[in-house]
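The residues making up each chain are set out below.
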Amino acid sequence: MARSFIILIGLALLSFGVGATVRPLTDLPLQTDGPNRWRLPAGEYRGAFRIDQPLQLTCAPGAVFQAEGQGNGLLISAPDVSVQGCTFLDWGRDLTAMNAGIFIQPQARRTQLVGNRLQGPGFGIWVDGTADVSLIDNRIQGDPSIRSQDRGNGIHLYAVHGARVIDNQVRDTRDGIYIDTSNGNLLQGNTLEDLRYGIHYMFSNDNQVLGNTTRRTRTGYALMQSRQLTVIGNRSEQDQNYGILMNYITYSTLQDNLVTDVRDGATGDTMIAGGEGKALFIYNSLFNRIEGNRFARSAVGIHLTAGSEDNRIAGNAFVDNQRQVKYVASRLQEWSADGRGNYWSDYLGWDRNGDGLGDVAYEPNDNVDRLLWLYPQVRLLMNSPGIELLRWVQRAFPVMKSPGVMDSHPLMQAPIPKEPA
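Rules used throughout
Residues numbered from 1 in each chain as written. Predicted model: local features only at pLDDT ≥ 70, side-chain atom pairs only at ≥ 80, totals over all residues. Heavy atoms only, no water. Helix = DSSP H or I, 4+ residues; strand = E, 2+ residues; numbered from the N terminus. Buried < 20%, exposed > 50% of the residue type's maximum accessible area, 1.4 Å probe, protein only. Contact = heavy atoms within 4.5 Å. Areas by Shrake-Rupley, 256 points an atom, 1.4 Å probe, with all protein chains shown as cover. Pairing = 2+ DSSP bridges. Phe/Tyr/Trp six-rings, centres within 6.5 Å; stacked < 30°, edge-to-face > 60°. pLDDT = per-residue confidence, 0-100. 1 Å grid on protein atoms, 1.4 Å probe; cavity = no way out; pocket = protein on both sides within 12 Å on 5 of 7 lines; lining within 4 Å. Points joined across faces, edges and corners; volume = space filled by probe spheres on them. Nonpolar A, V, L, I, M, F, W, Y, C, P; charged D, E, K, R; others polar. Core = buried A, V, L, I, M, F, W, Y, C linked by side-chain atoms within 4.5 Å. Salt bridge = Lys/Arg side-chain N within 4 Å of Asp/Glu carboxyl O. Polar contact = N/O pair within 3.5 Å; in protein donor to acceptor, adjacent residues only side chain to side chain.

## So, the overall build of the protein
Line of reasoning, step 1. Scanning the protein from N- to C-terminus turns up three helices and 41 strands.
Line of reasoning, step 2. Out of the 421 residues belonging to the protein, those deemed buried represent 51%.
Line of reasoning, step 3. Within the protein, counting contacts between residues at least 6 apart in sequence, those at least 24 apart form 49% of the total.
Line of reasoning, step 4. Total accessible area computed for the protein in this model is approximately 19000 Å², and 52% of it derives from carbon and sulfur atoms.

## A word on the pairing of strand E6 (residues 55-59)
Line of reasoning, step 1. Because side chains alternate across E6, one face comprises the buried residues Leu55, Leu57 and Cys59, and the other comprises Gln56 and Thr58, none of which is buried.
Line of reasoning, step 2. Note that E6 and strand E9 (residues 81-84) share four bridges and pair parallel. Looking at the pairing, Leu57 lines up with Val83 of E9.

## Remarks on the packing of aromatic side chains
Line of reasoning, step 1. What the rule picks out here adds up to 14 aromatic pairs.
Line of reasoning, step 2. The interplanar angle of 5° and the centroid separation of 6.1 Å between the aromatic rings of Phe103 and Trp126 together place this pair among those described as stacked. Taken together, the residues Phe103 in strand E11 (residues 100-104) and Trp126 in strand E14 (residues 123-128) connect sequence positions 23 residues apart. Across this residue pair, the class does not change: Phe103 and Trp126 are buried.
Line of reasoning, step 3. Ring geometry for Trp335 and Trp344: centres 6.3 Å apart, planes at 10°, overall stacked. Each member of the pair, Trp335 together with Trp344, is buried.

## A few points about the confidence of the model for the protein
Line of reasoning, step 1. Confidence along the protein averages 87 in pLDDT terms, with 82% of residues attaining 70 or more.
Line of reasoning, step 2. Note that pLDDT drops below 50 for residues 267-272; the model gives that stretch eleven contacts with residues more than four away or on any other chain.
Line of reasoning, step 3. Overall, residues 378-382 carries pLDDT values under 50, and its contacts beyond four positions in sequence, including any with other chains, amount to ten contacts.

## As for the layout of surface pockets
Line of reasoning, step 1. Considering only enclosed or pocket space, the second largest pocket measures out at about 320 Å³ in volume.
Line of reasoning, step 2. Of the residues contributing to the lining of the second largest pocket, the split by class is six nonpolar, ten polar and seven charged.

## Describing the nonpolar core
Line of reasoning, step 1. By size, the foremost hydrophobic cluster in this structure holds 70 residues, and its most contacted members are Phe65, Val83 and Ile104.
Line of reasoning, step 2. Setting aside residues up to four positions removed in sequence, Phe65 forms contacts with Leu25, Leu28, Leu40, Tyr45, Phe49, Leu57, Cys59, Cys86, Thr87, Phe88 and Leu89.
Line of reasoning, step 3. Counting eight residues, the second-largest nonpolar core is a separate cluster that includes Tyr197, Met202, Met224 and Tyr242.

## Digging into the pattern of salt bridges
Line of reasoning, step 1. Under the criterion given, the structure shown has 23 salt bridges.
Line of reasoning, step 2. The partner of Arg109 in a salt bridge is Asp132, and the shortest N-O contact between them spans 3.6 Å. Here the residue Arg109 occupies a position in the loop between E11 and strand E12 (112-114), and Asp132 occupies one in the loop between E14 and strand E15 (134-136), the gap between them amounting to 23 residues.
Line of reasoning, step 3. Since its relative accessible area comes to 38%, Arg109 is described here as partly exposed.
Line of reasoning, step 4. Arg215 is paired through a salt bridge with Glu193; the nearest N and O atoms lie 3.0 Å apart. With Arg215 in strand E25 (residues 213-215) and Glu193 in strand E22 (residues 191-193), this residue pair connects regions lying 22 residues apart in the sequence.
Line of reasoning, step 5. Connected through salt bridges with shared partners, the residues Arg171, Asp172, Glu193, Asp194, Arg215, Arg216, Arg235 and Glu237 form a single ionic network.

## As for the pairing of E11
Line of reasoning, step 1. The element E11 is extensively covered by neighbouring structure, given that five of its five residues are classed as buried.
Line of reasoning, step 2. Examined bridge by bridge, strand E8 (residues 74-76) and E11 share three bridges and lie parallel to one another. Counted as the bridge partner of Ile76 is Ile104 from E11.

## Section: the side chain of Ser236
Line of reasoning, step 1. Looking at the secondary structure, you find Ser236 in strand E28 (residues 235-237).
Line of reasoning, step 2. In this structure Ser236 comes out as buried when scored by relative accessible area, which is 0%.
Line of reasoning, step 3. Here the side chain of Ser236 touches Asp239 through a polar contact of 2.6 Å, side chain to side chain.
Line of reasoning, step 4. The residues contacting Ser236, other than those within four sequence positions of it, are Thr214, Tyr221, Gly243, Leu258, Val259 and Thr260.

## Thoughts on the side chain of Asn234
Line of reasoning, step 1. Looking at the secondary structure, you find Asn234 in the loop between strand E27 (230-232) and E28.
Line of reasoning, step 2. Setting aside chain neighbours within four positions, we find Asn234 in contact with Val209, Leu210, Gly211, Asn212, Tyr221, Asp256, Asn257 and Leu258.

## Quick look at unusual backbone geometry
Trans peptide bonds make up the majority, and among non-glycine residues the majority have a negative phi.
Line of reasoning, step 1. Not every positive phi belongs to a glycine, and Asp80 is a case in point at roughly 55°.
Line of reasoning, step 2. On the basis of relative accessibility, which here comes to 38%, the residue Asp80 falls in the partly exposed class.
Line of reasoning, step 3. At Asp256, a position not held by glycine, the phi torsion is positive, near 60°.
Line of reasoning, step 4. Tracing the sequence through the fold places Asp256 in the loop between strand E30 (253-255) and strand E31 (258-260).
Line of reasoning, step 5. Since its relative accessible area comes to 13%, Asp256 is described here as buried.

Pasting the structure below:
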């Protein structure tokens with residue numbers, strides 16, 4: 001009995017990486033570059049390593065940390081550590097134990113990771129409960145042979161403040177960058193490809209998301225349960241289901257973003273319920289400013305639902321979407337501000353006084369649209385006399401119109417997108 005208990009404890013410790021030997025970095029053939037500055041020569045260094053004192057480590061080309069499938073590749077537990085130009089391969093895949101190529105512990109404030117390459121099955125870089133870290137120009141590659149939900153995230157921030165995540169490239173992990181309960185951080189210029197979510201926010205406030213690019217993800221930008229996000233100058237290209245998803249987002253700014261070619265999620269065995277290829281999906285999100293964005297060539301340009309009201313939506317361009325707007329609610333939404341609305345590529349009005357604004361309001365939805373959204377099976381009758389009669393009655397008797405979206409000052413020309421600063 002006692003022996004079995006000891007074996008179980010040993011297995012548990014091993015699963016959390018405690019059973020694996022973690023060697024100090026000083027076990028390696030470091031070459032001094034000055035006070036607290038070290039250079040690691042080319043070679044393959046097997047096992048898990050730890051940095052427990054402030055230092056700057058630079059790897060020569062060809063210096064590789066090979067973790068042999070166990071635990072973390074590198075554990076950083078001291079402040080003011082810099083790691084530059086190193087390669088980390090094949091760390092552990094135990095997501096419960098948070099196995100990562102580089103794991104940054106709470107005491108490791110002001111850590112800098114610059115120009116490293118990481119390839120492995122677990123988390124790429126995990127930043128845990130610390131502040132003022134800089135993750136710059138790193139390349140992170142997951143394992144595409146593992147189901148996406150069983151991979152770690154490329155960069156994972158938990159309870160982090162003041163992080164700068166800049167110019168990194170992440171692909172084939174679960175989420176590219178996952179931010180949980182982390183305030184006051186900057187994500188800028190990152191490229192995130194072939195993932196579940198490109199950037200995923202949960203319970204994180206006062207963050208900046210600037211000039212990032214997502215491609216071929218199942219959702220480009222999943223913004224959830226957060227407030228005061230500044231999302232400016234980002235791109236979503238050929239993502240699936242959603243380009244930008246806002247779920248319980250308040251007092252935030254979406255400006256000068258470009259979302260194009262969002263595809264329907266019905267590919268293979270993968271399908272997110274309701275993800276018909278929406279450039280922007282807004283769910284229960286209020287008091288946000290959505291301006292200067294371009295939503296193009298997607299199944300749905302914008303979908304609002306679940307009380308997403310009191311948002312300022314103006315100066316955007318909705319171009320060649322199969323359906324520009326999907327909105328089912330009982331309150332009229334006016335999508336213009338200060339006398340200027342949005343550009344709609346299917347607008348059929350005119351501009352007699354040449355002020356750049358349409359003289360007739362743009363109203364994308366009617367009662368037939370609502371009927372089709374509530375009862376999709378009615379699509380079988382789209383061209384029937386009954387549907388045509390309903391549309392004629394609405395035009396002839398406007399009193400029968402239900403509340404929906406109205407742009408009273410539609411733009412005649414699409415605004416020119418601004419380049420990110």
